[in-house]
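Chains, contacts and geometry: an overview
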Amino acid sequence: MRRNVDKEIAAGLADARLVDWQCIDRGGWLAVVDDKDVRQVVGEDGRRYNVVSHAVHDGDGRIRMSVAVDDGGLSAFVPLVRDQIMNPDGTFVE
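None of the values given here were measured: they were computed from a predicted structure.

**Structural notes on the side chain of Ser75**
- Note on placement: Ser75 falls in the loop between β3 (62-70) and β4 (80-86).
- Taking the relative accessible area as the measure of exposure, Ser75 reaches 12% and is therefore buried.
- Separated by 2.7 Å, the side chains of Ser75 and Asp71 make a polar contact.
- Setting aside its immediate chain neighbours within four residues, Ser75 contacts Val5 and Asp70.

**Some remarks on the nonpolar core**
- Residues Leu13, Trp29, Tyr49, Met65, Val67 and Val69 are the most contacted members of the largest nonpolar core, which totals 19 residues.
- Of all the elements in the fold, those that place two or more residues in this core are α1 (7-22), β2 (48-59), β3 and β4.
- Setting aside residues no more than four positions away along its own chain, Tyr49 makes contact with Val5, Asp6, Ile9, Leu13, Arg39, Gln40, Val41, Gly43, Val69, Asp70 and Asp71.

**Describing α1**
- A rise of 1.5 Å per residue sets the reference length of α1, with its 16 residues, at 22 Å; its end C-alpha atoms lie 22 Å apart and thus fit the reference within 8%.
- The complete set of buried residues in α1 reads Ile9, Ala10, Ala11, Leu13, Ala14, Arg17, Leu18 and Trp21.
- On its buried face, α1 sits against α2 (26-31), β1 (36-42), β2, β3 and β4.
- Of the residues that open α1, the one with a side-chain oxygen 3.1 Å from the backbone nitrogen of Glu8 is Asp6.

What counts and how
Residues numbered from 1 in each chain as written. Predicted model: local features only at pLDDT ≥ 70, side-chain atom pairs only at ≥ 80, totals over all residues. Heavy atoms only, no water. Helix = DSSP H or I, 4+ residues; strand = E, 2+ residues; numbered from the N terminus. Buried < 20%, exposed > 50% of the residue type's maximum accessible area, 1.4 Å probe, protein only. Polar contact = N/O pair within 3.5 Å; in protein donor to acceptor, adjacent residues only side chain to side chain. Contact = heavy atoms within 4.5 Å. Core = buried A, V, L, I, M, F, W, Y, C linked by side-chain atoms within 4.5 Å. Expected span 1.5 Å × (residues − 1).

Read these as spatial facts, not as claims about activity.
Below, the structure is given as structure tokens:
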């Protein structure tokens, strides 16, 4: 029987991906708008997680990066999602 996704580990993976994106300038964010990045990452619990990043225009010049994490089981239907929004001036919405 498959266990439920470990939400703490999934959140850590999503947050780590967003931290990576904070190191990229606005041009880098614009370059990936409407693209999806799919990675399989092994969590600290030894389980494999799908980490899907997707950037979209969020209106008024903002860009939203969403990261969804699931373990390939039932959590794929309702993945853990974290978002980050970059303003037109390159700062992030808190």
